[in-house]
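What follows is the residue order along each chain.
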Amino acid sequence: MTGAGAKPTGEARKTASFGRADLVIRNGLILPMTSMGEFFTGDVVIDDGRIVAVPTGSFDGAANLEIDAAGAAVLPGFVQAHVHVVQSLLRHQADGLELLDWLRRRTLPYEAALDGDGVEAAAELGITELLTGGTTCALDFGTTHNHDRVFRAAERLGIRIVSGKTHMDRGGDAPEALIEDTELSLAEAEGLGSRWHGAADGRLQYAVAPRFALSCSAEMLQGCAALARRRGWLLQSHASENRDEVREVRAMSGLGNIEFLRRHQLLGADVVLAHGVHLEPDEITLLAKTGTTICHCPGTNLKLASGIADIVRLRQEGVRVVLGADGPPCNNRLSMFHEMQLAATLPGLTHGPTVVGAWHALEMATRIGAEALGLSAEIGTLEVGKRADLQVVDLNHWSGLPGGDPASRLVFGCSPQAVRDVVVDGRLVVSRGRLQSASEDDLRLRIAEAWKATLHRMEEAV
Ligand SMILES: [Zn+2]
């Protein structure tokens, strides 16, 4: 079966004649995400970490491991362009607050109370949730300290991650333990990037991460921009999420948030800004002109009552828009299915129901996400030669039936629980919904212990 508008894509669709492969996924409903609306029944053949064939028919060779994907969709792994795995231990304990109170009363005290074991256990929880929900790659924000432990967790569990410690050297009522010396903070980031950027055969990468305009001095913001550009690393930050935040940036600088970031060299094709909910027309123009990406986080924006980003307007004006779940304490889940459903439905309130469809949401969650992270040559689509980062999603559960457009079934009918198998770099990291790269029972124990110890330290600090 081939979807409407499908075009043969030459090599990517050839009927394979290949020797013994490492892994073959057979008889799935394949959505390669190379063009909108394209799907067909076929196999995906993987060898040495890469996709070596995506035949429309049956692969005629043998493989060391075979997965039967009959009744399931096979698509690229999701790319979440804004998460904070390190915040995972605070999940369900920071509800009912708006952004600045959420930060000052709960999230910053929590981050201050995290020790190295807490950072690693939180990262393991966040990464496990991402992987088992079909997210194979994430752009991630750390806390100020112990960021080696995030990379260690990512290295072990098998996710592809672009991550960096957060920077903050000002911010009034933030806990003292989080306020850094500007130069030491920048030197620490450079050390982390030197150790981890390109590690695990390129699966781990570094991104410089100033928290937001209100938590960094001008020296810190400019230092972050200079460091990232000198080393060729990505930049990530938050912008224009909440009205009070925008007001405080203006009171501090006399400028709109986006113009403020521009003056500190924090716009560009190598920058991903989370949110972009409250933007003036000239700010949208500036984002488009500089090629800056906005990561839309609708689940968090609704839960913190921040507002709804106008992604239709942003896309029309030429701004690249991608998706992310943000932090576990402000969403409270890291589900790309949840974000896709919201991204495809919320614009209907102002622009009508058809303006962002299920295929658009899937595209933002895969191919465009990879582009924003500078990784489109390696991931984001199912094509010969790309890294094998993909997921097998069961469509035979009740809300996936009886049939219809596969993008609609995935975006509006599925949840992370439908994700069956997940492959990163050719390695099967989730099989039949279970994490393969660590013992789930041991992980639950580590999470419970780290949560208890962190809460205890938070209570002591009050
Ligand atoms: Zn965030």
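In the block above lies the structure referred to throughout.
What comes next is a walk through the structure. (Residues numbered from 1 in each chain as written. Predicted model: local features only at pLDDT ≥ 70, side-chain atom pairs only at ≥ 80, totals over all residues. Heavy atoms only, no water.)

### So, the overall build of the chain
Here is step 1: Along its length, the chain carries 16 helices and 18 strands.
Here is step 2: Taking 23 Å as the expected radius of gyration for a compact globule of 462 residues, we find that the chain reaches 21 Å, a close match to that expectation.
Here is step 3: Along the three orthogonal principal directions, the C-alpha set of the chain runs to about 65 × 50 × 45 Å.
Here is step 4: Sorting the 462 residues of the chain into buried and exposed places 60% on the buried side.
Here is step 5: At a minimum sequence separation of 6, the contacts of the chain that also span at least 24 residues come to 75%.
Here is step 6: When the accessible surface of the chain is totalled, it reaches about 16900 Å², and 50% of it is carbon and sulfur.
Here is step 7: Each charge class in the chain was averaged separately, 45 positive and 59 negative side chains, and the resulting centres sit 2 Å apart. (Helix = DSSP H or I, 4+ residues; strand = E, 2+ residues; numbered from the N terminus. Rg over C-alpha atoms; globule rule 2.2 N^0.38 Å. Buried < 20%, exposed > 50% of the residue type's maximum accessible area, 1.4 Å probe, protein only. Contact = heavy atoms within 4.5 Å. Areas by Shrake-Rupley, 256 points an atom, 1.4 Å probe, with all protein chains shown as cover. Lys, Arg positive; Asp, Glu negative; His and termini not counted. Charge placed at Lys NZ, Arg CZ, Asp CG, Glu CD.)

### Some remarks on the packing of aromatic side chains
Here is step 1: Inspection of the entire model under this criterion finds four aromatic pairs.
Here is step 2: These aromatic residues form a ring-pair network of at least three members: Phe 151, Trp 196, Tyr 206 and Trp 233. (Phe/Tyr/Trp six-rings, centres within 6.5 Å; stacked < 30°, edge-to-face > 60°.)

### Concerning the pairing of strand 12 (residues 271–275)
Here is step 1: Counting buried residues in strand 12 gives five out of five residues, a clear majority hidden from the surface.
Here is step 2: As paired strands, strand 11 (residues 234–239) and strand 12 are joined by five bridges and run parallel to one another. Note on strand 12: the bridge partner recorded for Gln 236 is Val 272.
Here is step 3: Bridge analysis of strand 12 against strand 13 (residues 293–296) gives three bridges, and the strand direction is parallel. Bridge pairing in strand 13 links Leu 273 to Ile 294. (Pairing = 2+ DSSP bridges.)

### Quick look at the pattern of salt bridges
Here is step 1: Tallying each qualifying case throughout the model produces 34 salt bridges.
Here is step 2: Among the ionic pairs, Arg 104 bridges to Glu 248, the shortest N-O distance being 3.3 Å. Of this pair, Arg 104 sits in helix 1 (residues 99–113) while Glu 248 sits in helix 6 (residues 243–253), and the two are 144 residues apart along the sequence.
Here is step 3: Classification of Arg 104 as partly exposed rests on a relative accessible area of 30%.
Here is step 4: By relative accessible area, Glu 248 is classed as partly exposed at 32%.
Here is step 5: Of the charged contacts, one joins Arg 156 and Glu 124 as a salt bridge, the two residues approaching to 2.8 Å between their closest N and O atoms. Note that Arg 156 is positioned in helix 3 (residues 148–157) and Glu 124 in helix 2 (residues 116–132), a separation of 32 residues in sequence.
Here is step 6: Since its relative accessible area comes to 33%, Arg 156 is described here as partly exposed. (Salt bridge = Lys/Arg side-chain N within 4 Å of Asp/Glu carboxyl O.)

### Let's talk about the packing of helix 2 against helix 16 (residues 440–461)
Here is step 1: Two elements in contact, helix 2 and helix 16, have axes whose closest approach is 9 Å; the angle formed by their N-to-C orientations is 130 degrees. For the element pair helix 2 / helix 16, the angle class is oblique. Once helix 2 is placed against helix 16, the crossing between them reads as left-handed. Touching Asp 117, Gly 118, Ala 121, Glu 124, Leu 125 and Thr 128 of helix 2 are Leu 443, Arg 446, Ile 447, Ala 450 and Thr 454, all from helix 16.
Here is step 2: Split by residue class, the contact of helix 2 with helix 16 holds five nonpolar, three polar and three charged. (Axes fitted to C-alpha atoms, helices over the stretch in contact; angles between N-to-C directions. Parallel < 35°, antiparallel > 145°, perpendicular 65-115°, else oblique. Left-handed = near helix turned anticlockwise from the far one by under 90°. Nonpolar A, V, L, I, M, F, W, Y, C, P; charged D, E, K, R; others polar.)

### Section: the coordination of the zinc ion
Here is step 1: Here the zinc ion is held by His 82 (NE2), His 84 (NE2), His 238 (NE2) and Asp 326 (OD), and the distances to it run 2.0 to 2.2 Å.
Here is step 2: Angles of 89 to 173 degrees at the metal separate the four donor atoms of the zinc ion, which places the site in the irregular class.
Here is step 3: Mapping the donors of the zinc ion onto the primary sequence yields the spacing H-x1-H-x153-H-x87-D. Pair noted here: His 82 is in strand 6 (residues 78–83) and His 238 is in strand 11, with a separation of 156 residues, a long-range link. The pair formed by His 82 and His 238 is uniform in burial state, with each residue classed as buried. (Donors = N, O, S within 2.8 Å, 3.2 Å for Na, K, Ca; no water. Tetrahedral: all angles 85-135°; square planar, octahedral: opposite > 155°, others 65-115°.)

### Some remarks on the side chain of Glu 180
Here is step 1: Its place among the elements puts Glu 180 in the loop between strand 9 (166–167) and helix 4 (182–196).
Here is step 2: Looking at Glu 180, its side chain comes within polar contact range of the side chain of Ser 185, at 2.9 Å.
Here is step 3: For Glu 180, the residues in contact, after removing those within four places along its chain, are Thr 144, Lys 165, Thr 166, His 167, Met 168, Asp 169, Ser 185, Glu 188 and Met 220. (Polar contact = N/O pair within 3.5 Å; in protein donor to acceptor, adjacent residues only side chain to side chain.)

### Comments concerning the nonpolar core
Here is step 1: Counting residues in each nonpolar core, the largest one holds 134 residues, and the members touching the most others are Met 340, Leu 362 and Leu 373.
Here is step 2: With sequence-adjacent residues up to four places away left out, Leu 362 is seen in contact with Leu 31, Met 33, Leu 75, Phe 78, Met 340, Ala 407, Leu 410 and Val 411.
Here is step 3: By size, the runner-up hydrophobic cluster in this structure holds 17 residues, among which are Ile 30, Phe 40, Ala 69 and Ala 72. (Core = buried A, V, L, I, M, F, W, Y, C linked by side-chain atoms within 4.5 Å.)

### Looking at unusual backbone geometry
Here is step 1: Following Asn 331, the chain continues into Asn 332 via a peptide bond in cis, with omega recorded as 5 degrees.
Here is step 2: Residue position: Asn 332 is located in the loop between strand 14 (321–323) and helix 11 (336–345).
Here is step 3: Cis geometry marks the peptide bond from Leu 401 to Pro 402, where omega comes out at 5 degrees.
Here is step 4: Position of Pro 402 relative to the elements: it lies in the loop between strand 15 (390–394) and helix 15 (406–413).
Here is step 5: Despite not being glycine, Asn 146 has its phi angle at roughly 55 degrees, a positive value.
Here is step 6: Among the secondary structure elements, Asn 146 is positioned in the loop between strand 7 (135–141) and helix 3.
Here is step 7: For Asn 146, a relative accessible area of 32% corresponds to the partly exposed category.
Here is step 8: For Asp 201, which is not glycine, the phi torsion reads 60 degrees and is therefore positive.

### Observations regarding the side chain of Thr 132
Here is step 1: By the secondary structure assignment, Thr 132 is in helix 2.
Here is step 2: Classification of Thr 132 as buried rests on a relative accessible area of 19%.
Here is step 3: Of note is the side chain of Thr 132, whose polar atom sits 3.3 Å from the backbone oxygen of Glu 129.
Here is step 4: Here Thr 132 is in contact with Pro 416, Val 419, Val 430, Gly 433 and Leu 435, once residues within four sequence places are set aside.

### Side note on helix 13 (residues 358–365)
Here is step 1: For helix 13, a buried count of seven out of eight residues is recorded, marking the element as mostly surrounded by other parts of the structure.
Here is step 2: Along helix 13, the positions that sit buried rather than exposed are Ala 358, Trp 359, Ala 361, Leu 362, Glu 363, Met 364 and Ala 365.

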